[in-house]
Amino acid sequence: MRVLKFAILGLLEQEKMTGYDITAAFKGALGQFWSAKHSQIYPELKKLVLEELIEFETVIQGEKLEKKLYSLTAKGIAELTEWIQQVEAVNVSHKDEFMLKTYFIAAMDKQEAQQLFSNQLNSRQRKLEELEQILTELEAEQKAPMHFSSPEFGHYLVLTRAIEREKGYIQWLERSLALME
């Protein structure tokens, strides 16, 4: 399944965007849980145009710069809606280098293991602070309390889940370090 396809369709459901705007979205809020590179996005945009799921208009910026402004077609909206309504099995990531190293902890001495876990703890704490700052900014931008019809409700849900994930990871790391004492 081409999940990038649906990520792009979802972005374009929110608003018309250029390829640059889409790439920037993957570096911003969307990048907290899904990544895509410039080299993946532009070929996918071409496929989506060929499949008639999106269309574009060429707009002029400044005196000469042409850019493509992409939008969803009715067919694209239908495909996005169908994908959103599909029930998926729980997706578990099978590639976590830190956990792989943890599995082989017996190959380390105690100080190496403690350093590995301390470094991970520091990284996770910084990530948590970053996510909490983003949440604070998001909440400050809202004129009213967050609710289902808020334009940023999906971002809010994903962000609060990411915060809970980091808190849980930090607790586990702290317990693990205590066991190493």
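Residues numbered from 1 in each chain as written. Predicted model: local features only at pLDDT ≥ 70, side-chain atom pairs only at ≥ 80, totals over all residues. Heavy atoms only, no water.

It is worth spelling out the packing of aromatic side chains at this point. Applying the stated criterion across every chain, the model contains nine aromatic pairs. A ring pair is formed by Phe6 and Trp83, whose centres lie 4.8 Å apart and whose planes are at 5°; its orientation type is stacked. Taken together, the residues span a long stretch of sequence, with Phe6 in helix 1 (residues 3-14) and Trp83 in helix 4 (residues 74-85) at a distance of 77 residues. Summarising the aromatic geometry, the rings of Phe117 and Trp172 are spaced 5.6 Å apart at their centres and angled 45° between planes, so their arrangement reads as tilted. Within this pair, whereas Phe117 is found in helix 6 (residues 110-141), its partner Trp172 is found in helix 7 (residues 153-179), the two being separated by 55 residues in sequence. Looking at Phe117, the relative accessible area reads 2%, which means it is buried. Of the residues examined, Trp172 reaches a relative accessible area of 26% and is grouped as partly exposed. Here the aromatic cluster, defined as three or more aromatic residues joined through ring pairs, consists of Phe98, Phe117, Tyr169 and Trp172. (Phe/Tyr/Trp six-rings, centres within 6.5 Å; stacked < 30°, edge-to-face > 60°. Helix = DSSP H or I, 4+ residues; strand = E, 2+ residues; numbered from the N terminus. Buried < 20%, exposed > 50% of the residue type's maximum accessible area, 1.4 Å probe, protein only.)

A pair of packed helices is characterised by two quantities: the angle between their axes and the separation of those axes. Where helix 1 meets helix 2 (residues 19-27), the axes come as close as 11 Å, and the angle between the chain directions of the two elements is 110°. One finds that helix 1 runs roughly perpendicular with respect to helix 2. When helix 1 is examined against helix 2, the residues Leu4, Ala7, Ile8, Leu11 and Leu12 are found in contact with a partner set consisting of Ile22, Ala25 and Phe26. The residue inventory of the contact of helix 1 with helix 2, partitioned by class, reads eight nonpolar, no polar and no charged. (Axes fitted to C-alpha atoms, helices over the stretch in contact; angles between N-to-C directions. Parallel < 35°, antiparallel > 145°, perpendicular 65-115°, else oblique. Contact = heavy atoms within 4.5 Å. Nonpolar A, V, L, I, M, F, W, Y, C, P; charged D, E, K, R; others polar.)

This part covers the pairing of strand 1 (residues 54-61). Note: strand 1 against strand 2 (residues 65-72), eight bridges, orientation antiparallel. Its bridge partner lying in strand 2, Glu55 is registered against Ser71. Where strand 1 folds back onto strand 2 in an antiparallel hairpin, the turn is made up of three residues, including Gly62, whose phi is positive at roughly 75°. (Pairing = 2+ DSSP bridges.)

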